[in-house]
Protein chains: 2
Amino acid sequence: VSSHQPINSTEKACMLRPLEAPFRYLFGPGPSNVPPRILAAGGRPIIGHMHSEMFGIMNDIKKGIQYAFQTSNNMTLAMSGSGHTAMECAVFNIVEPGESVLVAINGIWGERVAEIAERMGAKVHTLFKTPGGHFTNAEIEQALAKHKPVLFFLAHGESSSGLVHPVDGVGDICHKYNCLLLVDSVASLGAAPLLMDQQNIDILYTGSQKALNAPPGTAPISFSERACHKMFNRKTKPVSYLLDMTHLSNYWGNDGKPERKYHHTGPVSGFFALRESLAILAEMGLENSWSHHTEVAEYLWKGLEDLGLKLFIKDKDLRLPSVTTIAIPEGYDWKELLAYIMKHHQIEFTGGLGPSVGMVLRIGLMGYNCNKANAAMALAALEDALKQCRKSKA
Amino acid sequence: VSSHQPINSTEKACMLRPLEAPFRYLFGPGPSNVPPRILAAGGRPIIGHMHSEMFGIMNDIKKGIQYAFQTSNNMTLAMSGSGHTAMECAVFNIVEPGESVLVAINGIWGERVAEIAERMGAKVHTLFKTPGGHFTNAEIEQALAKHKPVLFFLAHGESSSGLVHPVDGVGDICHKYNCLLLVDSVASLGAAPLLMDQQNIDILYTGSQKALNAPPGTAPISFSERACHKMFNRKTKPVSYLLDMTHLSNYWGNDGKPERKYHHTGPVSGFFALRESLAILAEMGLENSWSHHTEVAEYLWKGLEDLGLKLFIKDKDLRLPSVTTIAIPEGYDWKELLAYIMKHHQIEFTGGLGPSVGMVLRIGLMGYNCNKANAAMALAALEDALKQCRKSKA
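Presented here is a report on the structure given in the accompanying data block. This is a predicted model, so every value here is computed, not measured.

## Looking at the overall build of chain A
Next, step 1: Regarding its fold elements, chain A presents 13 helices and 14 strands.
Next, step 2: Taken over C-alpha atoms, the radius of gyration comes to 22 Å for chain A, in line with the 21 Å a tight globule of 394 residues would show.
Next, step 3: When burial is assessed residue by residue, chain A has 64% of its 394 residues classed as buried.
Next, step 4: Residue pairs in contact within chain A that sit at least 24 positions apart in sequence constitute 72% of those at least 6 positions apart.
Next, step 5: Total accessible area computed for chain A in this model is approximately 14000 Å², and 52% of it derives from carbon and sulfur atoms.
Next, step 6: Each charge class in chain A was averaged separately, 37 positive and 37 negative side chains, and the resulting centres sit 3 Å apart.

Written as structure tokens, this is what we have:
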């Protein structure tokens, strides 16, 4: 070994081909297409993760998230990772081993939070509905009274079922039982109304790659003062050093200390892109973004019903405007439909996810992708596939 | 709340300014400048994280890492995160609570691994040297015999002190004591010889933003069969769902199963950029990359000594070619030197990190940044600063 001669390998030869990636309409539940303006921001020459200009950009991101979340929380930042990183960060920092957690499961996201909380040693209780179902405030209150959790999880945008969950009043009920409310808005932010402060949400997170149209890899998150009180007065250290909010709050300049210390190296290009995506949302305005998503979704829903398809979520008010779920039509193989549309129309739709696999097809039109021309293109592709892929009745 | 009227806020106004980021020579210990070719790859329109073409790109990344690491390990992949993510992934997956871990601390990286291992419930033992020190194989063997750890950590590229640690023979000693060898090559990969298989390293990781010149946010990692045997036969689940190698190995197509299931959304743009950076290294060839870094480093070292400066690592063979540490010259305030060079030359050098703060200045010339013209520019900037920043003897 002392000579340190590398082996020549086929691995090397394999890397001498150029990078290839096709253009594709990403009309699934995300990532969605990234507009040129955000791609250009992410493709700019980088600066150091601890340069003062970078801290300025991070301060802008914080403001942009405060606007998008409708919160004045000081403890607002972006995770260096996808929505799952924010999910783990919330649970790891808020909950101590042995504490009780209540998770509303009506699709994949609740399943994931329950798994994360179990692994770090929480006592996990669940409220359960099959995909498409939702929870009444009375059901939630009953479970809070019974299990006395320190944290209650609810997915606002349940993208695996296409449901947007009512949030009004849930925060107040949680606080009555001395419980913090954690809400997932990965699929709903910018598409469906959500007001963190007015709705008394304690921890809210989202992803970069849905209606925000940035590449995946960053995840906005915010903590209320109540949540900060719990997480900064714990007896044990969070199990992850990387996700420890004591360090992350310093990195984001949220802890009031004069100096930001090195914790980890944040995704500089990802933060450039995220800043641009939050700027676009601020320019458009939240109200406009919400009403625009609703308008395009209603156009899509009408078109789908005109094709004879059944929407999976019956109640219009509970339909997620960003991700529409369609009951798989009888006489079709859903995988064949998706493959046909991908092959002949360069369009991605997807099937279900987790418990909704085999139940639904999903069409996502989010942010940059959300307009009637794209909805019409999606409908035409689906119409073609329905003609071509019908199974003969054996 | 039922009306869902957003508040208008100053946060929104703040986001209407354009993104600004200066051009800067990143001659610190990383991130280093990203060449146009890699920026362009990272700025391409994205595809879905589960599309077959994306799996093809991930397969290429795997080959590129196998080449860069000089390993034929099947369990080779890139983390969706920075080097710290790889560090936590290694410890979380290999070690179970209550097991013994030995950490060589001669700078910040050992400190971090010890902290991570303690949080997840390992019994942590340390071997300690002040920054700049290194460990003999006899010292390592003595500690292995005493503490019987399941894992031994060593930083190959100790960037906080500028030391490249000898690795020859360490793997064999570890295996003699039934211990796995975990090596950090974040700062050294591509700059100093390292041969994972020949040197019997069980877990090796690096970062994307050093000699690979990709933006920060992805981290190559590889596990030997011995490491896989330990991590896939554990009694408890790793504490992190996000970093669980059972799921990550499936996402990367390394588990032999026919279907890759959704785990998390990987950083698509980051993977595009990482693939390009690994392709550049393969095109250049590892031997050339190593000798080139050594040649430029020797040119820099000579120039620094000609300026009357003292290199922090006395033994030339123990100096990291990618990151050079200089003892802070008498009669100067190191912060003032760095600020002067940044302001007047648009060049980033840095001070120490963790235990080496106040001991050293650091100059990094890595990958794309590694050439004699840049070394000459760095030397000229430093010469200027030494003239302008001398303190009067009070």
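What follows continues from the structure just given.
## Some points on the relation of the copies chain B and chain A
Next, step 1: The transformation that overlays chain B on chain A combines an axial shift of 0.0 Å with a rotation of 180°, and the residual RMSD is 0.0 Å. The superposition operator between the copies reduces to a two-fold rotation axis. Across chain B, the smallest distance between a C-alpha and the rotation axis is recorded for Gly43 of chain B, namely 2.4 Å.
Next, step 2: A share of 100% of interface residues in chain B that are also interface residues in chain A marks the association as one of identical surfaces.

## Thoughts on the sheet that holds strand 13 (residues 350-351) of chain A
Residues and elements named next belong to chain A.
Next, step 1: Pairing within the open sheet is antiparallel, and its 3 strands lie in the order 11-14-13. The sheet is open, and its two borders are formed by strand 11 (323-327) and strand 13, each paired with just one other strand.
Next, step 2: Strand direction decides the pairing type here: strand 11 and strand 14 (residues 360-364), joined by 5 bridges, are antiparallel. Bridge pairing in strand 14 links Thr324 to Ile363.

## Structural notes on the sheet that holds strand 2 (residues 75-79) of chain B
All names here are of chain B.
Next, step 1: Taken in spatial order, the 7 strands make up an open sheet running 2-10-9-8-5-3-4, and their pairing is mixed. Of all the strands in the sheet, just strand 2 and strand 4 (123-128) have a single pairing partner and so form its edges. In this sheet, neighbouring strand axes are inclined to one another by 15° on average, regardless of whether the strands run parallel or antiparallel.
Next, step 2: Judged from the 6 bridges that link them, strand 3 (residues 100-105) and strand 4 form a sheet pairing that is parallel. Following the sheet pairing, Leu102 is matched in strand 4 by His125.

## A few points about the pattern of salt bridges
Next, step 1: Taken as a whole and judged by the stated rule, the model has 28 salt bridges over all chains.
Next, step 2: One salt bridge in this structure joins Arg275 of chain A and Asp60 of chain A, with 2.9 Å as the shortest N-O distance. Here Arg275 of chain A, found in helix 10 (residues 268-284), pairs with Asp60 of chain A, found in helix 3 (residues 52-69); they are 215 residues apart in sequence, far enough to count as distant. Assigned by exposure class, Arg275 of chain A and Asp60 of chain A land together as buried.
Next, step 3: A salt bridge links Arg119 of chain B to Asp244 of chain A; the nearest nitrogen and oxygen atoms lie 2.8 Å apart. Taken together, the residues Arg119 of chain B in helix 5 (residues 108-119) and Asp244 of chain A in the loop between helix 8 (225-231) and helix 9 (245-251) connect one chain to another.

## Some points on the packing of helix 12 (residues 334-345) of chain A against helix 13 (residues 372-388) of chain A
The angle between the axes and the distance between the axes are what describe a pair of packed helices.
All names here are of chain A.
Next, step 1: At a minimum axis distance of 9 Å, the contact between helix 12 and helix 13 shows a crossing angle of 120°. Taken together, the axes of helix 12 and helix 13 are oblique relative to one another. Viewed along their axes, helix 12 and helix 13 form a crossing whose handedness is right-handed. Contact with helix 12, carried on its side by Leu337, Tyr340, Ile341 and His345, involves Ala381, Leu382, Asp384, Ala385, Leu386 and Gln388 of helix 13 and no other residues of that element.
Next, step 2: For the contact of helix 12 with helix 13, a count of residues per class yields 7 nonpolar, 2 polar and 1 charged.

## Examining the environment of Glu348 of chain B
Next, step 1: With respect to the secondary-structure elements, Glu348 of chain B resides in strand 12 (residues 347-348).
Next, step 2: Exposure remark for Glu348 of chain B: the relative accessible area of 9% places this residue in the buried category.
Next, step 3: Contacts of Glu348 of chain B, omitting those with residues within four sequence positions, involve His51 of chain A together with Tyr25, Leu26, Phe27, Gly28, Pro31 and Met342 of chain B.

## Regarding the interface of chain B and chain A
Next, step 1: Counting residues at the interface gives 93 residues for chain B and 93 residues for chain A.
Next, step 2: Of the roughly 8400 Å² buried between chain B and chain A on both sides combined, carbon and sulfur atoms contribute 61%.
Next, step 3: Sorting the residues of chain B by area buried against chain A places Met15, Leu19 and Arg119 of chain B first, and these three jointly supply 11% of that buried surface.
Next, step 4: The interface formed by chain B and chain A holds 8 salt bridges in total.
Next, step 5: Remark: the boundary between chain B and chain A carries 32 residue pairs in polar contact (both at pLDDT 80 or more).
Next, step 6: Of all the secondary structure elements, the ones that give two or more residues to the side of chain B that touches chain A are helix 1 (10-14), helix 2 (36-42), helix 3 (52-69), helix 4 (83-94), helix 5, helix 10 (268-284) and helix 11 (286-306) of chain B.
Next, step 7: When residues in the side of chain B that touches chain A are grouped by element, the largest group, 9 residues, is from helix 10 of chain B.
Next, step 8: Among the residues making up the side of chain B that touches chain A, the classes are represented as 44 nonpolar, 28 polar and 21 charged.

The rules behind each value
- Residues numbered from 1 in each chain as written.
- Chains lettered and ligands numbered in written order.
- Predicted model: local features only at pLDDT ≥ 70, side-chain atom pairs only at ≥ 80, totals over all residues.
- Heavy atoms only, no water.
- Helix = DSSP H or I, 4+ residues; strand = E, 2+ residues; numbered from the N terminus.
- Rg over C-alpha atoms; globule rule 2.2 N^0.38 Å.
- Buried < 20%, exposed > 50% of the residue type's maximum accessible area, 1.4 Å probe, protein only.
- Contact = heavy atoms within 4.5 Å.
- Areas by Shrake-Rupley, 256 points an atom, 1.4 Å probe, with all protein chains shown as cover.
- Lys, Arg positive; Asp, Glu negative; His and termini not counted.
- Charge placed at Lys NZ, Arg CZ, Asp CG, Glu CD.
- Least-squares fit on C-alpha atoms with pLDDT ≥ 70 in both.
- Pairing = 2+ DSSP bridges.
- Axes fitted to C-alpha atoms, helices over the stretch in contact; angles between N-to-C directions.
- Salt bridge = Lys/Arg side-chain N within 4 Å of Asp/Glu carboxyl O.
- Parallel < 35°, antiparallel > 145°, perpendicular 65-115°, else oblique.
- Left-handed = near helix turned anticlockwise from the far one by under 90°.
- Nonpolar A, V, L, I, M, F, W, Y, C, P; charged D, E, K, R; others polar.
- Buried area = accessible area lost by both parts, 1.4 Å probe.
- Polar contact = N/O pair within 3.5 Å; in protein donor to acceptor, adjacent residues only side chain to side chain.

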